[in-house]
Amino acid sequence: MNLDYFIFFLKKKNNLLKINEFLKKMKQQIKNYISYAFKSILNFEFLLSTLSSFLIGASHIVNIYLNNLGEIYFEEVQTLLFEYLFVIFISTLVVAIFLRKMIIYVPLAWLLLFLWQTIGDFIYLQTSFEILAGELALVIIAVIFSFLIWQLWKVNRKDILKFSFGFSVILFFSPIVSDFPSFKDAFDQNSNRIIDLRREAIKIEHLSNKVRTSDLPDIIYLVPDRYASADTLLKEYRWDNSEFYSALKERGFKVNQNSISNYPVTYQSLSSNLNATYLDKFSRFTKDYPSDRKPLFALTEENWVQESLRNIGYYYFHLGFYWTRTKTNKFADRNYTTEIEKKENQFLITNISPLGLVLFNKTPFVAVSKRLFKYDPNILMSCKFMRSKIDELKNVKIDRTDHPTFIFAHLSMPHEPIFFNEHGDCLEPLLNTSSHFNRERFSEDVFWEKFKSDYLSFLKFTNNTLLDIFDAHSKPKNRDLIFVIQSDEGPHPHSWRKVGGIPDNTLEVMNLDDWKIKSGIINAMLTTNSNQIKSDDLKTPINNWIYIFNHILDTNIEPLPHEVYGILGENNLYNFLDLNHMIDSKHEIND
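This text gives an overview of the structure that appears in the document. (Residues numbered from 1 in each chain as written. Predicted model: local features only at pLDDT ≥ 70, side-chain atom pairs only at ≥ 80, totals over all residues. Heavy atoms only, no water.)

## Side note on helix H6 (residues 133-152)
An α-helix turns once per 3.6 residues; consequently, residues spaced three or four apart project the same way. Going by this rule: Think of it this way: any DSSP run of H or I at least four residues long counts as a helix, any run of E at least two long counts as a strand, and we number them from the N terminus. Given a helix with a known number of residues, its expected span is that number minus one, times 1.5 Å. Between buried and exposed lies partly exposed: a residue is buried under 20% and exposed over 50% of the maximum accessible area for its type, with that area taken using a 1.4 Å probe on protein chains only. The arc refers to the directions leading from the helix axis to the C-beta atoms. We call two residues in contact when some of their heavy atoms are within 4.5 Å.
The end-to-end C-alpha separation of H6 is 28 Å, in line with the 28 Å expected for 20 residues at 1.5 Å each. Considered for burial, the residues of H6 that qualify are Ala133, Ala137, Ile141, Phe145 and Ile149. Looking straight down H6, one finds that the buried residues subtend no more than 135° of arc, so they occupy a single side. Pointing more than 90 degrees away from the buried face of H6 are the exposed residues Val143 and Trp150. In this structure, the buried residues of H6 make contact with helix H4 (106-113) and helix H5 (116-126).

## Notes on the packing of helix H11 (residues 266-273) against helix H13 (residues 294-301)
As a reminder of what qualifies: Interaxial angles span 0 to 180 degrees and are taken between N-to-C directions of axes, which are lines fitted to C-alpha atoms, for helices over the stretch in contact. Should an angle lie under 35 degrees it is considered roughly parallel, over 145 roughly antiparallel, and from 65 to 115 roughly perpendicular; all remaining angles are considered oblique. In this scheme, a crossing is called left-handed if the near helix is turned counterclockwise away from the far one by less than a right angle; it is called right-handed if the turn is clockwise.
Put simply, H11 and H13 touch, their axes get as near as 8 Å, and they point 40° apart. Taken together, the axes of H11 and H13 are oblique relative to one another. Read as a crossing pair, H11 and H13 show a hand that is left-handed. Listed contacts from H13 to Tyr267, Gln268, Leu270 and Ser271 of H11 are Leu296, Phe297, Leu299 and Thr300.

## Some details on the packing of aromatic side chains
Using the following cut-off: Here a pair means two rings of Phe, Tyr or Trp (six-membered ring of Trp) with centres within 6.5 Å. Their orientation is stacked below 30 degrees between planes, edge-to-face above 60, and tilted elsewhere. By definition here, charges over rings are those cases where NZ of Lys or CZ of Arg is within 6 Å of the ring centre and within 35 degrees of the ring normal.
The final tally for this structure, using the stated rule, is 40 aromatic pairs. Geometrically, the ring pair formed by Tyr221 and Phe408 is stacked, given 6.3 Å between the ring centres and 20° between the ring planes. Of this pair, Tyr221 sits in strand S1 (residues 218-224) while Phe408 sits in strand S5 (residues 405-411); the two residues are 187 residues apart in sequence, bridging distant segments of the chain. By relative accessible area, which is 4% here, Phe408 ends up buried. Ring geometry for Phe297 versus Trp323: centroids 6.0 Å apart, planes at 80°, classification edge-to-face. Separated by 26 residues along the polypeptide, Phe297 in helix H13 and Trp323 in the loop between strand S3 (315-319) and helix H15 (324-327) bring together distant segments of the chain. Using a relative accessible area of 19% as the deciding quantity, one classes Trp323 as buried. Every member of this aromatic cluster is reached through a ring pair, and the members are Tyr221, Trp304, Tyr316, Phe406, Phe408, Trp545 and Phe549. Between the NZ or CZ atom of Lys460 and the centre of the ring of Trp239, over which it lies, the distance is 4.1 Å.

## A word on the pattern of salt bridges
Rule in force here: For salt bridges, the criterion is a side-chain nitrogen of Lys or Arg within 4 Å of an Asp or Glu carboxyl oxygen.
Here the structure, examined in full by the defined rule, presents 17 salt bridges. Among the ionic pairs, Glu45 bridges to Arg157, the shortest N-O distance being 3.0 Å. Of this pair, Glu45 sits in helix H2 (residues 44-67) while Arg157 is found in helix H7 (residues 157-178), placing the two residues 112 residues apart along the sequence. Notably, a salt bridge pairs Glu449 with Arg238, separated by 3.2 Å at the nearest N-O pair. Placement of Glu449 in helix H21 (residues 445-472) and of Arg238 in the loop between helix H9 (230-235) and helix H10 (242-250) is noted, with a sequence separation of 211 residues between them.

## Considering empty space enclosed by the protein
Selection rule: Think of a 1 Å grid over the protein atoms and nothing else: a 1.4 Å probe that fits but is trapped marks a cavity, an open set flanked by protein within 12 Å on at least five of seven lines marks a pocket, and residues with an atom within 4 Å of a point count as lining. Grid points are joined across faces, edges and corners, and a volume is the space filled by probe spheres set on the points.
Under the defined criterion, the tally for this structure stands at 1 cavity of 30 Å³ or more. Roughly 90 Å³ of internal volume is contained in the largest cavity. In this structure, the largest cavity is lined by 14 residues; those nearest its centre are Leu274, Thr300, Asn303, Tyr316 and Asn329. Of all elements in the fold, only H13, helix H14 (304-311), S3, H15 and S5 reach the threshold of two or more residues within the lining of the largest cavity.

## As for the pairing of S1
Quick note on the threshold: One bridge is not enough; two strands pair if DSSP finds at least two bridges between them.
Burial of S1 is extensive: 7 of the 7 residues sit out of reach of the surface. Because side chains alternate across S1, one face comprises the buried residues Asp218, Ile220, Leu222 and Pro224, and the other comprises Ile219, Tyr221 and Val223, equally buried. Of the strand pairs in this sheet, S1 and strand S6 (residues 481-486) are connected by 5 bridges, and their pairing is parallel. In the sheet register, Leu222 faces S6, and the bridge partner there is Ile485.

Below you can see the structure in the form of structure tokens.
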């Protein structure tokens, strides 16, 4: 018995020794793997390739920032830099593990990949292969990359690394040095306190016990972006839009078909209209940085209208589109774009910031992801999203017993890109009107006339859509309804199209007819229980919300005088041009 126990003990001890020896070997192997990783992967070549690739992408980020200095917050740039660094680190690490000898060519790959959109735009616009523009651009990049590797294969690896790093440093600092004053100004701009100067909220504290939410009407406020005035459509687009205006009037709308926007661009127009005030009072925040749009973004989101409506019990449903500044509203009870993005895109790439998508759209990755995985990170720039948004506006439940509803919908129609023709056919792939090649083509009469024809077709689709949305909510309900269709700005005149946006100096390139095109809009309003709007009320949109609040709260807020302003240029947004001479009797309502 003792002998058996002794033999069992020896076997157990032997097994323990084997296990211990196995663990020692595993520990040594792990050490070896880590050592290999640092020596063979996370080495000088890896670090320098990663840094060079990062600087190449960072140069594009800096360029995006400086070209949109007044529109992008510096915190958004910081977020994008971290996102891009993560992508660079992972992609370089994968190459280091599986294609170790190729690691020194990773910066070259990124340099070429960032040219994909530019090459694709050129093929789309300058050749007959527009359907295959993206694929051909990728083939061209692959051929160039392969040829350069073949030529550089026998060159000293350290020399290639040194050249890549030096080139990437030059590429990164070039936009900073060339526009250093603007880059410096970016760190000083601050719009936090501008909200303190907006229009004082309606003093409704004393009315809180008298205002019954059951008596308040639902409000649907639609902003069809760049919807032109009747005069613009007739003179510039050779289209008589009177059938649409008549259809609105038959439904009970009061229509000013030649209303004039108080300001000529969205961020000025909405920040003014939604606060029922003019922008000159904010000059102390804007005079030192005349290209800075961010104070107006703050005014647009934290506006007087939504705050006042929420204070008296309104449920706020916000429907934006791809433009970041009205895409969502942080004060809304419901944001439609957020719901769509969460529903349609569950992958990691959908967590990339909006600015990140701008960067990665320069590369083929977003397009390839869409093709391979059948999902679209740019879902908000698709016909699918547009249709779902229209359907949501038709089917959204209002007339609730628990609260009145405020719906604010910023519609990218008939704003380009042109999603649909007049029959509702989707026109993807969409024309990138901000492309450098397109800016040049707008100087061609044939291209300009074709674009106007497409815009007009999209406007006809917009007409039918606006009527359909209203008709879906026009049946008698327990709550009254206020329904507004107000464009924020008119379409770009030819002088703006040729330079891809706001000219540097509007005095040099714009005449009075151009300003009438840019500022001419539609402004229509319906209230179901009484519609006593005077002809002067809709001459400009400045008093739209004053009228609405006076109507629903039985208050007497003094309306503002109608004033119309232009801007001096892209980098001079707050020295306003007086355009009040454009206001005349023809802009009154024709009842």
